[in-house]
Amino acid sequence: YAGEPDALVQPRADERLDIETLIRGFTIDAAYQLRIEDQIGSIESGKYADLVILDRDIFTVAPHTIHETGVVLTLLGGEVVYEAP
């Protein structure tokens, strides 16, 4: 179950990816694969501002608690489309 560090269903320790690799895979590496890394995938001037602001630093929390992270703000094309109450 989510939140259990010793859950039975998870990859072997030598097959797990760190959070930095996973975030990169969903952002700049995915944009590169689509050949649009000049438009999306990283926070840079001139690129689309599609991003979320989280309520904690997922690079520093225990991996089995990341699912508890909440979204504070969502930007789509630089416009706020969601803001937590």
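Residues numbered from 1 in each chain as written. Predicted model: local features only at pLDDT ≥ 70, side-chain atom pairs only at ≥ 80, totals over all residues. Heavy atoms only, no water.

**Focus on unusual backbone geometry**
Despite not being glycine, Arg35 shows a phi value in the positive range, around 60 degrees. Mapped onto the elements, Arg35 comes out in the loop between helix H2 (28-33) and strand S1 (51-54). (Helix = DSSP H or I, 4+ residues; strand = E, 2+ residues; numbered from the N terminus.)

**Description of the pattern of salt bridges**
Tallied over the entire structure, the rule returns five salt bridges. Between Asp29 and Arg24 there is a salt bridge, with the nearest N and O atoms lying 3.4 Å from each other. Residue Asp29 is classed as partly exposed on the basis of its relative accessible area of 34%. Residue classification places Arg24 among the partly exposed residues on the basis of a relative accessible area of 44%. Between Arg56 and Asp55 there is a salt bridge; the shortest N-O distance is 3.1 Å. For Asp55, a relative accessible area of 42% corresponds to the partly exposed category. If you follow the salt bridges from partner to partner, you end up with Arg12, Asp14 and Glu15 in one network. (Salt bridge = Lys/Arg side-chain N within 4 Å of Asp/Glu carboxyl O. Buried < 20%, exposed > 50% of the residue type's maximum accessible area, 1.4 Å probe, protein only.)

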